[in-house]
Amino acid sequence: MQRIGVFVCWCGSNIAGTVDVEAVAAALRNEPGVVFSTTYQYMCSQAGQDTIRAAIAEHNLTGVVVASCSPRMHEATFRKTVAAAGLNPYMVEIANIREQCSWIHKDMATGTEKAIILGKAAVAKVNLNAPLTPGESPVTKRALVIGGGIAGIQTALDIADAGFPVDIVETKPTIGGKMAQLDKTFPTLDCAACILTPKMVDAAQHENIRIISYAEVTEVKGFVGNFDVTIKKKARFVKEDICTGCGLCTEKCPQKNVPNEFNLGMDNRRAIYIPFAQAVPKVATIDPNYCTKLKTGKCGVCAKVCTAGAIDYEAKDEYIYEKYGAIVAATGFNPISLEKFDEFAYNSSKDVITSLEFERLTNAAGPTAGKLLRPSDGEHPHTIVFVQCVGSRCDACSEKGKEYCSKICCMYTAKHAMLTRDKYPDTEVYVFYIDVRTPGKNFDEFYRRAVEEYGVKYVKGMVGKVSPVGNKLKVQASDLIANKQMVIDADLVVLAAAIEPDKSARPLATMLTASMDTNDFFTEAHPKLRPVESPTAGVFLSGACQGPKDIPETVAQAGAAASKVIGLLVKDKLKGNPCVAQSDELMCNGCSSCERVCPYGAITYIEKEFRMEDKSTRVRRVASVNPAVCQGCGACTVACPSGAMDLNGFKNSQIMAEVDAICK
C-alpha cells in the first residue's frame, strides 16, 4: 500500500471561494493509502512547495496528490518539487479542482462535493502508480524554418547567430514575404525595403544559414530532436550556382503578358523573371506555365542571351532529405478573397482595390512607379474612400468573412490616408470604420495625426454598397455619429481585407501533427506561458501563422521562438516522456489497428519468435512502440481490440480505479 500525502490548494479565492478546502482535506484523509492531508493558500508558491517536501520527509510519503489548478499549469512544478525531496516525479497526481470544479460551480456544497470526488479519483490512481524513468534521445543540432518572410528571416538569423545551422524553406523564388511588397511601415513611416533588404542580405550571407527557395516541405517524420524532413525543390530551369542575376534574359524574353503576382496582377512580367530588384537569392526563374520553349519546344531566347550559360530546360524537381532537431513554422498570412463581397464591386470595377494593392500602387517599384493612378484609366484620383473591416469581425453565421479582428488594418489604413494626403494635398480622403483599434506604442498618436494634421475624414459607420456609375464609384454609407446616410462619388475605393493564414498552413500542420484553431491559425501550447511553442514537442511558432500581428510584434515573436530553439539545440540529449504506450506481445494479435490510429507513426509491426508451451517455436506478428516517438496520446489503447496496448502512467487498471472511486 502506498503512503500518500494530499495537499489541497486554496488558490486564493479561485478555489476556496466555491470549495470548502478544509472539508476536502478532511474527506480525503480517510481514503485508502492516505497518511497525511493538509491545505495551503498557494500550494505552487515556494512556501507551499516547502510544505510538500517537508511532509514527504516526515511521513515517508511514496505518493502525492495535489488538489489544485490544471496540471497543464503546474504539473511540472510539483514534479520537480517531489523529485527534489527524493520521490519519483511520476508518483504525483493532480486533481484539477479549479478549472474542472470551482470555476464552473457557483454553489459551495456542489463544488465541495465534486472536489472530494476528483480527489478520491486521484488518490485511487496514485495507489496503482509505479515509478517511471524517462528515456533519452540525441539531438540533431540543426533547425528548419518554414517560411521566408520577416518572421522566418529573423528567427533564422537569431538561431544562426547562436552558432547553429539553419535552413529556410520558402515556397516563392525569393525570401521577403509580404513585407517585401510594402511601401512604408507604421508608425514611423520608414521604408519597408530599407528595413527588410539588409535582413535578407544578412540571411543570404550568413555562414550558418542555407536558403532553400522555390521549395516546399512534403514530409516530416520523427520527433523532437530528431525530425526527418523531405523538401521538394521545384525546378527553376535556371542554375542557381551559375546565374548572376544580370536580368538580360528577363529583358529579351518575348513572352511579356504574364500576370505579375508580386504586383498582385496589376501589371505583367516575362515568362522568365526575377520577382523584384532586391530579391534573395537574385536568380531568374522560368514559369513553366507560360514559357514557350517548355510548352512547345520553340523559342529558347533566354538561353541564347545568357552569357553565363545558366539556363537549363531539362531541369527536374529535386528532393532534399535532411535531419533537424527543431522546426519553426513561419508560414505567414494572405488577405482573404473578396469574391463574395459583391456589395463593394470588387469584381466589377478595377478602381475597387485591396489595401495590399494600394501598397503596390504607391510603391516606387510598383506598377505605376509610385504614382497614385486609377487602375481603370491611369488618371489621378481626387476622392478616395477607405473601407475598414472588410471580412473582419463578421457574424459567426457569416460564410463570407472571419469572426476575428485582423489587428493591423486600422493602422495601415491610417498610414495610407496620411501618405495620400501628404503627397497629394488635393485629394479628399474618407475612412469608414466600425471602431478604431490602435493598441500599440505610438499607435493612437499616429492615428490622431492622420485626423488632426492631415485632415483625413474618419466616419464611424459602414459602407453598404459601392456602385460603378460612369467613371465614378457611388459609395452609399451611414454616419452613425451624425445619424445620417451618405453618398460619395469616389474615384478610388480601398478595402481593408481581413487576413488569414497562408493556405500552406493546414497541410503543414498535418505533417507536423501540430494543433490549429478553427481559422487555421497554429495553436500555441499555452496562450500565456508558452506562446511560441506548439503542443507538439520541437515545433515552434513565429509570426502571423499563429495570429494577426504587425511587424514589431512579429519580430519579437521570432526572437522568442529562436530562443526556444536555441535552448533545445544546446542540449546533447533530451529526456523523453515515460508515459508511452507499450504492447503486451503475448496478447497482441497483429491486427494493425493501433498502427493505423497512431497520429505520430510511433507503432510498427515486427516478426518475432515465441516459445510455446509445448516447447515449440512460432513466429508471430506483433506491435512494437518507439518510445522516443510516442507522445502518450492513448489512441492505440482505445483502438486495440485484444487489450494488448496499455499506456504507462495511465494503464487501464489505473483509469478503472479512478472510475470506481468516482462511482462510489
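Remember, predicted model here, so these are calculated numbers, not experimental data. (Residues numbered from 1 in each chain as written. Predicted model: local features only at pLDDT ≥ 70, side-chain atom pairs only at ≥ 80, totals over all residues. Heavy atoms only, no water.)

Undergrad: I tried to follow helix H2 (residues 21–28) on my own but got confused; where do I start?
TA: Residues lying three or four places apart along an α-helix face the same way, a consequence of the helix completing one turn every 3.6 residues. When we look at burial in H2, the residues that qualify are Val 21, Val 24, Ala 25 and Leu 28. An end-on view of H2 places all buried positions within 95° of arc, on one side of the element. In this fold, the buried residues of H2 make contact with strand E1 (4–9), helix H1 (13–16), strand E2 (34–40) and helix H5 (108–128). (Buried < 20%, exposed > 50% of the residue type's maximum accessible area, 1.4 Å probe, protein only. Helix = DSSP H or I, 4+ residues; strand = E, 2+ residues; numbered from the N terminus. Arc of directions from axis to C-beta. Contact = heavy atoms within 4.5 Å.)

Undergrad: I'm lost on the packing of helix H6 (residues 150–161) against helix H7 (residues 192–205) in this one. Help?
TA: Relative orientation and spacing of two packed helices are given, respectively, by the angle between their axes and the distance between those axes. Interhelical geometry of H6 versus H7 gives an angle of 50° and a closest axis separation of 10 Å. On the basis of their axis angle, the class for H6 and H7 is oblique. For the crossing formed where H6 meets H7, the hand is left-handed. Where H6 abuts H7, its residues Ile 150, Ile 153, Gln 154 and Leu 157 lie against Leu 196, Lys 199, Met 200, Asp 202 and Ala 203. Residues of the contact of H6 with H7, tallied by class, amount to 6 nonpolar, 1 polar and 2 charged. (Axes fitted to C-alpha atoms, helices over the stretch in contact; angles between N-to-C directions. Parallel < 35°, antiparallel > 145°, perpendicular 65-115°, else oblique. Left-handed = near helix turned anticlockwise from the far one by under 90°. Nonpolar A, V, L, I, M, F, W, Y, C, P; charged D, E, K, R; others polar.)

Undergrad: Is there a simple way to explain H5 in this structure?
TA: The first and last C-alpha atoms of H5 sit 31 Å apart over 21 residues, in line with the 30 Å expected at 1.5 Å per residue. Restricting attention to buried positions, one finds in H5 the residues Gly 111, Thr 112, Ala 115, Ile 116, Leu 118, Gly 119, Ala 121, Ala 122, Val 123, Ala 124, Lys 125 and Val 126. On its buried face, H5 sits against E1, H2, E2, strand E3 (63–68), strand E4 (92–96) and helix H18 (652–663). (Expected span 1.5 Å × (residues − 1).)

Undergrad: What should I look at first to understand the sheet that holds strand E26 (residues 484–490) in this one?
TA: By way of backbone hydrogen bonds, the strands of a sheet pair with one another, either parallel or antiparallel. Spatially, E24-E25-E26 is the arrangement adopted by the 3 strands of the open sheet, whose pairing is antiparallel. Two strands lie at the open edges of the sheet, namely strand E24 (463–469) and E26, each paired on one side alone. Ignoring which end each strand starts from, the neighbouring axes of this sheet average 20° apart. With 7 bridges connecting them, strand E25 (residues 472–479) and E26 associate as antiparallel partners. What sits directly across from Ala 477, in E26, is Met 486. (Pairing = 2+ DSSP bridges.)

Undergrad: What is the right way to read the packing of aromatic side chains from this model?
TA: Pairs of aromatic rings are described using the distance from one ring centre to the other and the angle between the two planes. Using the criterion set out here, one finds 8 aromatic pairs in the structure. Consider the rings of Phe 341 and Phe 344, whose centres lie 6.4 Å apart with planes at 20°: the pair is stacked. Residue Phe 344 is classed as buried on the basis of its relative accessible area, which comes to 5%. Each ring, one from Tyr 404 and one from Phe 521, has its centre 5.3 Å from the other, and the planes form 70°; the classification is edge-to-face. With Tyr 404 in the loop between strand E21 (383–390) and helix H12 (409–423) and Phe 521 in the loop between helix H14 (505–512) and strand E29 (539–541), this pair connects stretches of sequence that are 117 residues apart. Residue Tyr 404 shares its accessibility class with Phe 521, and that shared class is buried. Of note, Lys 178 hangs over the ring of Phe 333, and the distance from its end group to the ring centre comes to 5.8 Å. Positioned over the ring face of Tyr 605 is Arg 621, at 4.1 Å from the centre of the ring. (Phe/Tyr/Trp six-rings, centres within 6.5 Å; stacked < 30°, edge-to-face > 60°. Lys NZ or Arg CZ within 6 Å of the ring centre and 35° of its normal.)

Undergrad: Help me understand the sheet that holds strand E17 (residues 318–324) in this model?
TA: The strand order across the open sheet formed by 3 strands is E11-E12-E17, and the pairing between neighbours is antiparallel. The outermost strands of the open sheet, each flanked by one partner alone, are strand E11 (215–223) and E17. This sheet shows a mean twist of 20° between the axes of neighbouring strands, independent of strand direction. In the sheet, E11 pairs with strand E12 (residues 226–233) via 8 bridges, with the strands oriented antiparallel. Bridged to Ala 215 within E12 is Lys 233.

Undergrad: Just to check I follow, could you spell out the packing of H12 against helix H13 (residues 443–452) for this structure?
TA: Two elements in contact, H12 and H13, have axes whose closest approach is 9 Å; the angle formed by their N-to-C orientations is 35°. In this structure, H12 crosses over H13, and the sense of that crossing is left-handed. Contacts from Met 411, Ala 414, Lys 415 and Met 418 in H12 reach Phe 443, Phe 446, Tyr 447, Arg 449 and Ala 450 in H13. Here the contact of H12 with H13 is composed, by residue class, of 7 nonpolar, no polar and 2 charged.

Undergrad: Can you help me understand the environment of Pro 552 in this one?
TA: By the element assignment, Pro 552 lies in helix H15 (residues 551–569). Given a relative accessible area of 49%, Pro 552 falls into the partly exposed group. As a C-alpha pair, Pro 552 and Phe 186 span 366 residues in sequence and 9.8 Å in three-dimensional space.

Undergrad: How should I be thinking about the nonpolar core in this particular structure?
TA: Among soluble globular proteins, nonpolar side chains are generally buried collectively. In terms of nonpolar packing, the biggest core is built from 39 residues, with Ile 159, Val 166, Ile 175, Ile 209, Val 565 and Leu 569 touching the most fellow members. For this core, the secondary structure elements donating two or more residues are strand E6 (143–146), H6, strand E7 (166–169), H7, strand E10 (209–212), strand E18 (326–329) and H15. Element by element, the count of residues in this core is highest for H6, at 7 residues. With sequence-adjacent residues up to four places away left out, Ile 175 is seen in contact with Gly 148, Ile 153, Ile 168, Glu 170, Met 200, Ala 203, Ile 211, Phe 276 and Val 280. Grouped together as the second largest cluster of nonpolar side chains are 37 residues, Ile 15, Val 82, Ile 116 and Ala 122 included. (Core = buried A, V, L, I, M, F, W, Y, C linked by side-chain atoms within 4.5 Å.)

Undergrad: What is the right way to read the pairing of strand E32 (residues 603–611) from this model?
TA: Along any regular strand the residues' side chains alternate between the sheet's two faces. Pairing between E32 and strand E33 (residues 617–625): 9 bridges, direction antiparallel. Of the residues in E33, the one forming a bridge with Arg 611 is Thr 617. Once E32 ends, the chain turns through 5 residues before running back antiparallel as E33, passing Lys 615 with a positive phi of about 70°.

Undergrad: What am I meant to see in the side chain of Ser 213 here?
TA: You can see Ser 213 is positioned in the loop between E10 and E11. Among the residues examined, Ser 213 registers a relative accessible area of 0% and is labelled buried. Within the structure, Ser 213 has its side chain in polar contact with the side chain of Arg 236 (distance 2.5 Å). Aside from chain neighbours lying at most four places away, what touches Ser 213 is Glu 170, Lys 172, Pro 173, Thr 174, Lys 233, Arg 236 and Pro 281. (Polar contact = N/O pair within 3.5 Å; in protein donor to acceptor, adjacent residues only side chain to side chain.)

Undergrad: Please clarify how a nonpolar patch on the surface should be interpreted in this entry.
TA: Nonpolar side chains collect at one region of the surface, where Phe 650, Ile 655, Met 656 and Val 659 lie side by side and expose about 320 Å² of accessible area between them. In this structure, Val 659 sits in helix H18. (Patch = residues over 30% accessible without salt bridge, like charges linked within 9 Å, V, L, I, M, F, W, Y side chains within 5 Å. Areas by Shrake-Rupley, 256 points an atom, 1.4 Å probe, with all protein chains shown as cover. Salt bridge = Lys/Arg side-chain N within 4 Å of Asp/Glu carboxyl O.)

Undergrad: Sorry if this is basic, but what is going on with the state of the cysteines here?
TA: A covalent bond between the sulfur atoms of two cysteines is referred to as a disulfide. The final tally for this structure, using the stated rule, is 0 disulfides. The thiol of Cys 243 is unpaired, and the distance to the nearest cysteine sulfur, on Cys 249, comes to 6.2 Å. Of the residues examined, Cys 243 reaches a relative accessible area of 19% and is grouped as buried. Counting only cysteine sulfurs, Cys 389 is the nearest neighbor of Cys 394, a cysteine outside any disulfide, at a range of 8.7 Å. Note on Cys 394: relative accessible area 19%, which makes it buried. (Disulfide = S-S within 2.5 Å.)

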